[in-house]
Amino acid sequence: MKILINKTDLGQNDCDLLVLSDFEGRKGLNKKIKNIDIILDGVLSKVIKEDNFKFKKSTILKLRTFNKIPTKKILLVGLGKEEEFTSQTEREISATVSCLIKKMGCKKVVTVIHGDDIEQIDTKNLAKALIEGLILGGYVYGKYKKDKTANKLEIVEVFSDAIKPAELSKAISDGKNGAEGTMFARDLVNTPGLHMAPVDLVNSAKEIAKGKKDLKVRVYDKEQLKKMGAGGLLAVNQGSDHEPYLVHMVYKPEGKIKKKIAIVGKAVTFDSGGLSLKPAEYMMSMKCDMGGSAALLGLFSVINEIKPQVEVHGIFGAVENMPSGKAIRPGDVIKALNGKTIEILNTDAEGRVTLADTLSFAVKKKPDLIIDLATLTGACVVALGEEMTGVMSNNPELANKILIAAASAGEKMWELPLEKNYKKLLKSDIADLKNIGGRYGGALTAGLFLEEFVGKTPWAHLDIAGPAYAERPMNSYEKKGATGHGVRTLIEFLKAI
Ligand code: BES
Ligand code: MG
Ligand code: ZN
């Protein structure tokens, strides 16, 4: 799909569909609708009146133009109340429109930036959200479907008299990058465990870096993991028939580098729970347990387009958590990459055991800060519900920056505490730590466990267990299945450095 800036007079566009919009409860129609209304001899205002169309949020009125103008059809879209309108509303409405465009089978569409006549709003952000909604709203995972109802949409042109062309063009590419990175992550997460073994994540990383001189990938196999002492990754993968890998990607731009950061992603390609086997209902969506690494790969898939002046290390340990005669047992003790020993009391608390190694690995690269993303605990979903990420950090400033980035990306995140008093819950009788902290505050004890492996490096942990995979639609652009949650927050975070 091509996204361009529209340069034609709004009423003169030769296209299948023109998308116009207005707010609820405003006096009279806005200038753009009025102008088209005049060319159409008052048909718009007549239909609006007859249908009692009030421009309530996400309501849509569809009209034909009967060859009075080159545009075949018009959508009038309700934006709701002006005072409640944000770039998040833009994203949602744009995605709703995108679904309709797909159903209508349009090839060429011209759209306004909804709400760009509000004075105090950041039009660049609106334009970006419009593009994200348009692309993400049309996402489907069709790999295994015989009936692939293809999106016929080829060209979208964006019209705005409230933003300079150079700024609009930047906003369009920002929106595209955010959406494409997100969809990259969605495709990885939606792919069943059958076709998403650890080696497939390795291949995805290699594929991304192919032919790009500022991207490098180093892959460590099982023998190398043994040599470096990655006892956590090896232990979790012990029951699987697949080989484990540690992947280290580096993005290093030319010119002055502002910061060096590490992003670590949980990459359990399937989490059966191991010998502490999950009940069937809880296992059904566990192909999503590599969602953290998918977000990381989603970011890396577009990082060359975004070109942040930041050195970014992407690190993940790809494993599969399976029960078998070779599997790690409850009660076993293993040694992580940083030398700390862990008593594994529940093999289903495997994510933190893998992150013990990958975080230790990240620390050795001496980054200015570390961010990890992990589908880590059901407890976080109990605490914050299915749509929110829990953020835990040893550095309030970093936590704040992530929350700001998330808000601007339209991803819901909330900070949870790393309560020192709960550290006692992780004490083991026979090892340095145990891998479970008891019944209560499970997201926090998991966070505290991870903190043991980051030393003094400023670090933030994003528990994305809820929003990484939507069991039911979250909104018009995050429907059932993988959401790619985290990608756009990471992009916003990098841009703000
Ligand atoms: N991968 C799960 C967490 C999860 C739950 C992700 C729901 C996505 C949706 C994790 O490995 C796990 O099983 N955690 C256990 C920890 C417990 C045994 C301490 C959990 O949350 O039940
Ligand atoms: Mg588990
Ligand atoms: Zn898991």
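As a starting point, this report considers the structure included with it. Bear in mind that the values here come from a model prediction, so they are computed numbers and not experimental data.

1. Section: the coordination of the zinc ion (ligand 3)
Thought 1: The zinc ion (ligand 3) binds to the protein through Lys266 (NZ), Asp271 (OD), Asp289 (OD) and Glu350 (OE), with metal-donor distances spanning 2.0 to 2.4 Å.
Thought 2: Each of the six donor atoms bound to the zinc ion (ligand 3) contributes to angles spanning 78 to 177°, and the resulting shape is octahedral.

2. Re the coordination of the magnesium ion (ligand 2)
Thought 1: The protein atoms that coordinate the magnesium ion (ligand 2) are Asp271 (OD), Asp348 (O), Asp348 (OD) and Glu350 (OE), at distances of 2.0 to 2.2 Å.
Thought 2: Here the magnesium ion (ligand 2) binds six donor atoms, and the angle range of 72 to 169° at the metal identifies the geometry as irregular.
Thought 3: Mapping the donors of the magnesium ion (ligand 2) onto the primary sequence yields the spacing D-x76-D-x1-E.
Thought 4: In this structure, the magnesium ion (ligand 2) lies 3.2 Å away from the zinc ion (ligand 3), the two metals sharing Asp271 as a donor. Taken as a pair, Asp271 in strand S9 (residues 259–271) and Asp348 in the loop between strand S12 (341–343) and helix H11 (351–364) lie far apart in primary sequence, 77 residues in all.

3. A short note on the pattern of salt bridges
Thought 1: This model, assessed by the stated rule, comprises 32 salt bridges.
Thought 2: For Lys210, the salt bridge is made with Glu207, and the minimal N-O distance between the two is 3.6 Å. Comparing Lys210 with Glu207, the two get one shared label, exposed.
Thought 3: Taking the shortest distance from any N to any O, the salt bridge between Lys423 and Glu451 comes out at 3.7 Å.

4. Topic: the side chain of Ser240
Thought 1: With respect to the secondary-structure elements, Ser240 resides in the loop between helix H8 (231–237) and strand S8 (245–251).
Thought 2: Within the local environment of Ser240, its side chain forms a polar contact with the backbone nitrogen of His242, the two atoms lying 2.9 Å apart.
Thought 3: A distance of 2.7 Å separates polar atoms of two side chains, one belonging to Ser240 and the other to Glu320.
Thought 4: Ignoring any residue separated from it by four or fewer positions in sequence, one finds Ser240 in contact with Glu320, Met322 and Lys326.

Reading guide: rules and limits
- Residue positions are given per chain, counted from 1 along the sequence in the order it is written.
- To read the labels, note that chains go from A and ligands from 1, taken in the order they are written.
- A pLDDT threshold of at least 70 governs which residues receive local features in this predicted model, and a stricter bar of 80 or more applies before side-chain atom pairs are shown or counted, although totals over entire chains, interfaces and linings include all residues.
- Remark: hydrogens and water are excluded; side-chain values derive from all non-hydrogen atoms of the structure.
- Ligating atoms shown are N, O and S within 2.8 Å of the metal, or 3.2 Å for Na, K and Ca, and water is not included, meaning a site may look less than complete.
- Labels for metal geometry use angle windows, namely 85 to 135 degrees for all angles of a four-donor tetrahedral site, and for square planar (four donors) or octahedral (six donors) sites opposite donors over 155 degrees apart plus all others within 65 to 115; sites meeting none of these are irregular.
- A run of H or I in DSSP becomes a helix once it reaches four residues, and a run of E becomes a strand once it reaches two; helices and strands are each numbered from the N terminus.
- When a carboxyl oxygen of Asp or Glu lies within 4 Å of a side-chain nitrogen of Lys or Arg, that pair is called a salt bridge.
- Whether a residue is buried, partly exposed or exposed follows from its accessible area with a 1.4 Å probe, protein chains only, as a fraction of its type maximum: under 20%, in between, or over 50%, in that order.
- Pairing of N or O atoms within 3.5 Å defines a polar contact, subject to two protein rules: one partner must be a possible hydrogen donor and the other a possible acceptor, and residues neighboring in sequence count only if both atoms are side-chain atoms.
- Residues count as neighbours in contact if any of their non-hydrogen atoms are within 4.5 Å of one another.

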